[in-house]
Structures are given as C-alpha cells and as structure tokens.
Amino acid sequence: LKSWAKNKAREFPDAILTLHAALRGDIIPELKPGDTLNARHQVWTWNTLGLAYKNVGMYDSAFYAFKQGLAIAERNHDDIYVGIIEGNIGDIYFKLHQFDSAKVYLQHDVEVCMAQKEFLNASLSMQWLARISARDGHFAQALEQIREAYRVALPHAPPYDPHLAE
C-alpha cells in the first residue's frame with residue numbers, strides 16, 4: 001500500500017525503493033512462498049515497479065519489471081494482469097517509437113481486458129492504438145478507435161471531481 005501511494009503521488013524514486021523492498025519480503029513478511037495471495041501480490045508489485053520505472057524514463061528497467069510480472073501472471077493464468085502488463089509494455093514501445101511492437105501488445109491488451117471486463121484499461125490501450133492509426137495517416141480509423149474507447153470507458157469511469165483535476 002505504501003508503494004502504491006508513493007507511485008500515485010508521483011514519488012517514483014521512493015516508490016521504486018519500497019517496491020524492491022516488498023519483492024525482497026522486507027515489508028510484508030507474513031507473505032510466505034506458500035501463501036495463495038503471493039503470486040498476485042508479486043505480479044502487482046512487479047507491474048507497479050515497471051510503472052514507476054517507466055515514469056522516470058528508465059525503460060530497460062521497466063521492461064525487466066514488466067516481463068517479471070508477466071511471467072508470473074502467465075504461469076498463474078492471471079489473464080487480467082497479462083492484459084494489463086502487455087498494455088504497459090505497449091505503452092513503452094510507443095514512447096520508443098517502435099509502433100509495430102506497440103500495436104501487438106496494445107491489441108492483445110484490448111482483447112484480454114475486454115474479455116475480462118477490465119474496460120477502463122482496455123480503453124486506455126484503445127487510445128494508444130488510435131494514436132498509432134493517426135500517426136500512420138489513418139485518421140478515420142483513429143477517430144473510430146477514439147469513439148470506441150470513449151464508448152467502452154464512459155459507463156465505468158468514476159464521476160468527475162474537479163478537486164482531483166487540480
């Protein structure tokens with residue numbers, strides 16, 4: 001929880017240190033290897049670590065963290081996190097201007113997240129795909145993708161809070 005709060009507060013260096021401590025077991029010692037929550041906790045921690053590294057521009061470290069989380073998610077058939085992490089990997093490929101690779105990961109994220117009813121995450125990847133379409137000169141397709149992302153996200157978006165927008 002501490003690492004999540006630091007990441008959300010954009011305190012990425014502190015979040016990175018806290019997440020590494022969590023992976024070593026220094027923060028939550030009650031999570032033993034046999035704990036049924038351990039795999040999900042590890043996937044979440046690796047994913048959050050990848051996001052923190054991404055946000056400070058350390059893309060190699062972000063890829064490593066995402067790949068670690070993805071391997072655990074795949075091994076445990078945690079389809080939601082497979083999709084989420086693949087979307088995060090696609091996001092980095094987009095930032096690196098490797099659009100073909102980005103499309104593969106983002107499209108798989110959309111498919112998995114739609115099937116798992118993780119609509120907000122799917123809509124985020126739809127928006128990245130629309131950017132790629134626009135970049136490739138496919139403006140009508142990009143517009144349709146944005147409309148679809150909006151249609152998917154709207155019923156599931158939290159209510160607007162002007163205090164959060166500041």
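Use the structure listed above.
As a starting point, this report considers the structure included with it.

On to the overall build of the protein, then. The helix and strand tally for the protein stands at eight helices and zero strands. Listed N to C, the secondary structure of the protein is α-α-α-α-α-α-α-α in terms of helices and strands. Within the protein, the proportion of its 166 residues that are buried is 42%. Counting contacts in the protein only where the partners sit at least 6 residues apart, residues at least 24 apart contribute 49% of the total.

Now for the pattern of salt bridges. Applying the stated criterion across every chain yields a total of five salt bridges. Across the salt bridge formed by Arg 135 and Asp 136, the nearest N and O atoms sit 2.3 Å from each other. We classify Asp 136 as partly exposed; its relative accessible area is 35%. Each of Lys 54, Asp 91 and Lys 95 takes part in one network of salt bridges that share partners.

Our next topic: unusual backbone geometry. Positive phi, normally seen in glycine, also occurs at His 77, with a value near 55°. Tracing the backbone through its elements, the reader meets His 77 in the loop between α4 (59-75) and α5 (79-95). A relative accessible area of 66% places His 77 in the exposed class. At His 97, a position not held by glycine, the phi torsion is positive, near 65°.

A separate point is the environment of Phe 94. By secondary structure assignment, the location of Phe 94 is in helix α5. When neighbours within four sequence positions are excluded, Phe 94 is seen to be in contact with Phe 99, Ala 102, Trp 128, Arg 131 and Ile 132.

Our next topic: the environment of Ala 115. Mapping Ala 115 onto the fold places it in helix α6 (residues 99-115). The exposed category is assigned to Ala 115, whose relative accessible area is 58%. Along the sequence, Ala 115 and Asp 79 sit 36 residues apart, while their C-alpha atoms lie 9.2 Å from each other.

Along the chain, Ser 123 falls in helix α7 (residues 119-135). Overall, the relative accessible area of 3% leaves Ser 123 in the buried class.

In terms of nonpolar packing, the biggest core is built from 37 residues, with Leu 49, Ile 85 and Ile 89 touching the most fellow members. Looking at this core, the elements with two or more residues in it are α2 (12-24), α3 (38-55), α4, α5, α6, α7 and α8 (139-153). Per-element accounting of this core gives the leading share, eight residues, to α5. Not counting residues up to four positions away in its chain, the partners in contact with Ile 89 are Phe 63, Phe 66, Lys 67, Leu 70 and Tyr 105.

Criteria and thresholds
Residues numbered from 1 in each chain as written. Predicted model: local features only at pLDDT ≥ 70, side-chain atom pairs only at ≥ 80, totals over all residues. Heavy atoms only, no water. Helix = DSSP H or I, 4+ residues; strand = E, 2+ residues; numbered from the N terminus. Buried < 20%, exposed > 50% of the residue type's maximum accessible area, 1.4 Å probe, protein only. Contact = heavy atoms within 4.5 Å. Salt bridge = Lys/Arg side-chain N within 4 Å of Asp/Glu carboxyl O. Core = buried A, V, L, I, M, F, W, Y, C linked by side-chain atoms within 4.5 Å.

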